[in-house]
Amino acid sequence: MPTKSRVQKPLRRPKQSSKHSVSLARGQKQRFQQRLLKWYKQHGRDLPWRKTSDPYHILVSEVMLQQTQVDRVIPKYHEFLERYPSFEELAGAPVAEVKQTWYPLGYNIRPERLHSIACETVVRYGGKLPSDPDELLSFKGIGRYTAGAIRSFAFNEDAPILDTNVIRVLHRVFIATGDPKAQKAALWELSEALIPRGKGYDFNQAIMDFGATVCAARDPYCLLCPMKTFCKTFPFKGPK
Ligand code: SF4
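What comes next is a walk through the structure. (Residues numbered from 1 in each chain as written. Predicted model: local features only at pLDDT ≥ 70, side-chain atom pairs only at ≥ 80, totals over all residues. Heavy atoms only, no water.)

## A few points about the overall build of the chain
For clarity, the cut-off: A run of H or I in DSSP counts as a helix once it spans at least four residues, and a run of E counts as a strand once it spans at least two, with each numbered from the N terminus. This radius of gyration counts C-alpha atoms alone. The globule rule is 2.2 Å times how many residues there are, raised to the power 0.38. Working definition: with a 1.4 Å probe on protein chains only, accessible area under 20% of the residue-type maximum means buried, over 50% means exposed, and in between means partly exposed. Methods summary: accessible areas were calculated by the Shrake-Rupley approach with a probe of 1.4 Å, and residue burial reflects only the protein chains presented. By the counting rule applied here, Lys and Arg register as positive and Asp and Glu as negative, while His and the ends of each chain are not counted. For the purpose of locating charges, the reference atoms are NZ of Lys, CZ of Arg, CG of Asp and CD of Glu.
Helix and strand counts for the chain stand at 11 helices and zero strands. The order of helices and strands in the chain, counted from the N terminus, is α-α-α-α-α-α-α-α-α-α-α. The C-alpha atoms of the chain give 18 Å as radius of gyration, which agrees with the globular expectation for 240 residues (18 Å, within 12%). Dimensions along the principal axes, computed over C-alpha positions, put the chain at roughly 55 × 35 × 30 Å. Within the chain, the fraction of its 240 residues that count as buried is 50%. When the accessible area of the chain is evaluated, it comes to approximately 12500 Å², of which 53% is carbon and sulfur surface. The averaged location of the 23 negative side-chain charges in the chain is 10 Å from the averaged location of its 38 positive side-chain charges.

## Points about the nonpolar core
What counts here: Think of a nonpolar core as a cluster: buried Ala, Val, Leu, Ile, Met, Phe, Trp, Tyr and Cys residues, connected wherever their side-chain atoms sit within 4.5 Å. Throughout, the edges of the domains are those of an automatic or database domain assignment. Should any heavy atoms of two residues lie within 4.5 Å, those residues are counted as being in contact.
With 65 residues, the main nonpolar core has Phe-32, Phe-80, Leu-170 and Phe-210 as its most contacted residues. Counting only domains with at least three residues in this core, you end up with domain 1 (18-45 + 158-224) and domain 2 (54-153). Here Leu-170 is in contact with Phe-32, Leu-162, Ile-175, Leu-187, Leu-190, Ser-191, Leu-194 and Ile-207, once residues within four sequence places are set aside.

## Digging into helix α8 (residues 144-153)
A large share of α8 lies buried, amounting to nine of its 10 residues. Taken together, the buried positions of α8 are occupied by Tyr-145, Thr-146, Ala-147, Gly-148, Ala-149, Ile-150, Arg-151, Ser-152 and Phe-153. Where the residues of α8 are buried, they touch α2 (55-65), α7 (133-137), α10 (184-193) and α11 (200-213).

## Let's talk about α2
Judged by how many residues are buried, α2 sits mostly within the fold: 10 of 11 residues are covered. Taken together, the buried positions of α2 are Pro-55, Tyr-56, His-57, Ile-58, Leu-59, Val-60, Ser-61, Glu-62, Val-63 and Met-64. On its buried face, α2 is in contact with α3 (70-83), α4 (87-91), α5 (95-102), α6 (109-125) and α8.

## Some thoughts on the site of the ligand
The test is simple: Whether a residue is near a molecule or strand depends on its heavy atoms: if one lies within 4 Å, it is near. Of the two site types, the cavity is a set of points on a 1 Å grid over the protein atoms alone where a 1.4 Å probe fits but cannot get out, and the pocket is an open set with protein on both sides within 12 Å along at least five of seven lines, each lined by residues with an atom within 4 Å of a point. Pocket occupancy is defined atom-wise: a molecule lies in a cavity or pocket when more than half of its atoms are within 2 Å of its grid points.
Every residue lining the ligand is accounted for by Arg-172, Val-173, Cys-215, Pro-220, Cys-222, Cys-225, Lys-228, Cys-231 and Phe-234. A majority-of-atoms criterion places the ligand in the largest cavity.

## Some details on the pattern of salt bridges
The cut-off we apply is this: Between Lys or Arg on one side and Asp or Glu on the other, a salt bridge is scored when a side-chain nitrogen of the former is within 4 Å of a carboxyl oxygen of the latter.
Taken as a whole and judged by the stated rule, the model has eight salt bridges. Ionic pairing is found between Lys-51 and Asp-46, a salt bridge with its closest N-O pair at 2.6 Å. Through salt bridges with shared partners, a single network forms among Arg-45, Arg-50 and Asp-209.

## Thoughts on empty space enclosed by the protein
The condition is simple: Grid points are joined across faces, edges and corners, and a volume is the space filled by probe spheres set on the points. Residue polarity follows a fixed list, in which Ala, Val, Leu, Ile, Met, Phe, Trp, Tyr, Cys and Pro are nonpolar, Asp, Glu, Lys and Arg are charged, and the others, Gly among them, are polar.
With the rule as written, the count across this model stands at one cavity of 30 Å³ or more. Approximately 120 Å³ is the volume attributed to the largest cavity. Every residue lining the largest cavity is counted, 15 residues in all, and those nearest its centre are Cys-215, Pro-220, Cys-222, Cys-225 and Cys-231. In terms of residue class, the lining of the largest cavity is built from 12 nonpolar, one polar and two charged.

## A few points about the packing of α5 against α6
As a reminder of what qualifies: For every element, the axis is a line fit to its C-alpha atoms; helices are fit only across the contacting stretch, and the angle between N-to-C directions ranges from 0 to 180 degrees. Angular relationships are summarised with four words: roughly parallel below 35 degrees, roughly antiparallel beyond 145, roughly perpendicular across 65 to 115, and oblique for the angles in between. For any helix crossing, the convention is left-handed if the near helix is rotated counterclockwise from the far helix by under a right angle, and right-handed if that rotation is clockwise.
The N-to-C vectors of α5 and α6 enclose an angle of 130°; their axes lie 9 Å apart at closest approach. When the interaxial angle is binned, α5 and α6 end up oblique. The element α5 and its partner α6 pack so that their crossing is right-handed. Only Arg-110, Pro-111, Glu-112, Leu-114 and His-115 of α6 make contact with α5, whose side of the interface consists of Val-95, Val-98, Lys-99 and Trp-102. Of the residues contributing to the contact of α5 with α6, the split by class is five nonpolar, one polar and three charged.

These figures capture arrangement, not role.
The structure is reproduced here in structure tokens:
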């Protein structure tokens with residue numbers, strides 16, 4: 001549940017041209033941060049991967065969550081970690097067996113990638129996943145989102161993340177027009193700019209929960225939403 005805090009490494013700012021920038025109205029950033037963190041304190045979900053900062057556990061949960069609902073991931077997450085408790089154990093297992101253990105989560109490329117990340121972690125990094133963003137991105141199977149999630153949830157850094165939920169929340173609250181898929185650069189920039197210093201862990205968990213439970217894809221709870229006074233989409237009237 002909420003909270004972890006420690007000294008942060010300097011942020012790496014993504015290289016974006018200014019035409020992508022979203023200008024934030026005075027006080028909007030602080031209002032969003034404060035209301036989101038307050039909401040998370042009261043309503044944040046109690047999930048097993050929030051009880052650990054082990055990079056291996058975080059990676060397993062993130063890969064499982066990529067295409068699968070939380071309630072289906074939870075039992076498989078426990079089973080998988082029981083069977084393969086470390087990068088070494090996973091790297092030493094045959095891929096076919098790992099895929100079998102993964103069943104029925106589906107998208108079998110995921111256990112293959114996880115296995116390959118485990119092998120690479122053991123061979124190149126002595127079984128310890130690095131926290132450096134460039135090193136993380138050099139793994140096949142670790143993209144910008146997963147690298148941000150590992151940095152923020154395992155290494156407690158103020159690293160931005162951008163998954164479906166985060167895209168939806170940021171686009172609705174701060175942009176409201178155009179196709180969010182065509183605005184990824186601006187949304188990454190926003191995701192980074194909004195993180196309160198030293199609170200990346202809670203902020204990122206909060207925005208994902210908020211998108212999953214309040215600012216849902218269909219029928220968001222606009223009337224109860226703490227952002228409604230400044231959300232550019234309020235009240236949500238469905239897709240245009
Ligand atoms: S007011 Fe509605 S659209 Fe805006 S953030 Fe809240 S739930 Fe989402």
